[in-house]
Amino acid sequence: MSAALVVLAAGSGTRVGAGINKVLLPLGDGTVLGHSLRTALAVPDVRRIVVVVRPGDEEATAEAIRPVLGTGEVLLVPGGATRHASEYAALQVLRAEIESGEIDVVALHDAARPLASPELYAAVLAAAREHGGALPAFPLRDLSTRELRLVAGPLVAVQTPQAFRAGPLLAAYLRAEEDGFEGTDTAACLEMYAGEIRIAAVPGSPLNLKITFPEDVAVAERLLA
Ligand code: CTP
Ligand code: MG
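This text gives an overview of the structure that appears in the document.

## Describing the pairing of strand 6 (residues 103-110)
With eight of its eight residues buried, strand 6 lies for the most part within the structure. Two elements, strand 1 (residues 2-9) and strand 6, share seven bridges in a ladder whose sense is parallel. Each bridged residue has a counterpart across the sheet, and for Val7 the counterpart in strand 6 is His109.

What follows is the structure, encoded as structure tokens:
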């Protein structure tokens, strides 16, 4: 049994407003997506890595990936109009290996979080195997954090990677497809369609910044340096 990782890069980055998909912007010695993929490639015991690409970005994506790929293998999958649709596209590609049991757990990550660590992936994968699902949560210290959710009481910022047992994850997305349901993140879809799954919180990190607005690019650059 082994894991699959999905790196979601098929957005357009309208809020950053760079004129190109924000995951293709330069960061450090490469790009935002390059950093995200380098981290994914460093996670142990991974059977598949899927990068979900915005149609039209194929060439630029291949270029961003090339410097970090080494001997690694990555499946490039065309994304959809929403994050949820992009997740579903990745799960379709993994479907046979999920149904055969070769992939037992899947972690889904926003390429727009280039500073996540391999250890964070490992933590959510382990917690998902144990509990059913897992997400990084980070207690709020101020009100500037933009992604808020209530998880078992305290106000926390929810991050990615989020990981789930592969069977219930696929089943939830197949049911969401029938209903036309679109979740804002993976956990939202599981909460809707796999209520029996426990979603555990693992410690997130303030360093696991999500690039959402133009100023976040400079912050990521500084955090990296
Ligand atoms: N994403 C995706 N497919 C989409 C939309 C988003 O794969 N149709 C990915 C983005 O590439 C990003 C992550 O989901 O890594 C989180 O989405 P978000 O931060 O909203 O990125 P964008 O949708 O690109 O940005 P914006 O909403 O500002 O346009
Ligand atoms: Mg978006």
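## A closer look at the pairing of strand 1
Buried residues dominate strand 1, accounting for eight of its eight residues. Bridging between strand 1 and strand 4 (residues 46-53) involves seven bridges; their strand directions are parallel. Following the sheet pairing, Val6 is matched in strand 4 by Val50.

## A closer look at helix 1 (residues 32-41)
Along helix 1, eight of the ten residues are buried, which leaves the element largely enclosed by surrounding structure. For helix 1, the complete set of buried residues consists of Val32, Leu33, Gly34, His35, Ser36, Leu37, Thr39 and Ala40.

## Thoughts on the site of ligand 1
The environment of ligand 1 is formed by 18 residues, the closest being Leu8, Gly13, Thr14, Lys22 and Ser86. At 3.4 Å, a backbone N or O of Ala81 approaches a nitrogen atom of ligand 1. One of the side-chain N or O atoms of Ser86 is found 2.7 Å from a nitrogen atom in ligand 1. Considered on its own, ligand 1 offers 560 Å² of accessible surface; in the complex 88% of this is hidden by protein. For the shell around ligand 1, the elements supplying multiple residues, two or more each, are strand 1 and helix 3 (83-99).

## As for the packing of aromatic side chains
This structure, assessed with the given rule, holds one aromatic pair. Between the aromatic rings of Phe181 and Tyr193, the centroid separation amounts to 5.5 Å while the plane-to-plane angle is 80 degrees, which identifies the pairing as edge-to-face. Highlighted residues: Phe181 in the loop between helix 5 (166-179) and helix 6 (186-193) and Tyr193 in helix 6, separated in sequence by twelve residues. The class for Phe181 is partly exposed, based on a relative accessible area of 21%. Over the face of the ring belonging to Phe213 we find Arg15, whose NZ or CZ atom lies 5.9 Å from the ring centre.

Cut-offs used in this document
- Residues numbered from 1 in each chain as written.
- Chains lettered and ligands numbered in written order.
- Predicted model: local features only at pLDDT ≥ 70, side-chain atom pairs only at ≥ 80, totals over all residues.
- Heavy atoms only, no water.
- Buried < 20%, exposed > 50% of the residue type's maximum accessible area, 1.4 Å probe, protein only.
- Helix = DSSP H or I, 4+ residues; strand = E, 2+ residues; numbered from the N terminus.
- Pairing = 2+ DSSP bridges.
- Near = heavy atom within 4 Å.
- Polar contact = N/O pair within 3.5 Å; in protein donor to acceptor, adjacent residues only side chain to side chain.
- Areas by Shrake-Rupley, 256 points an atom, 1.4 Å probe, with all protein chains shown as cover.
- Phe/Tyr/Trp six-rings, centres within 6.5 Å; stacked < 30°, edge-to-face > 60°.
- Lys NZ or Arg CZ within 6 Å of the ring centre and 35° of its normal.

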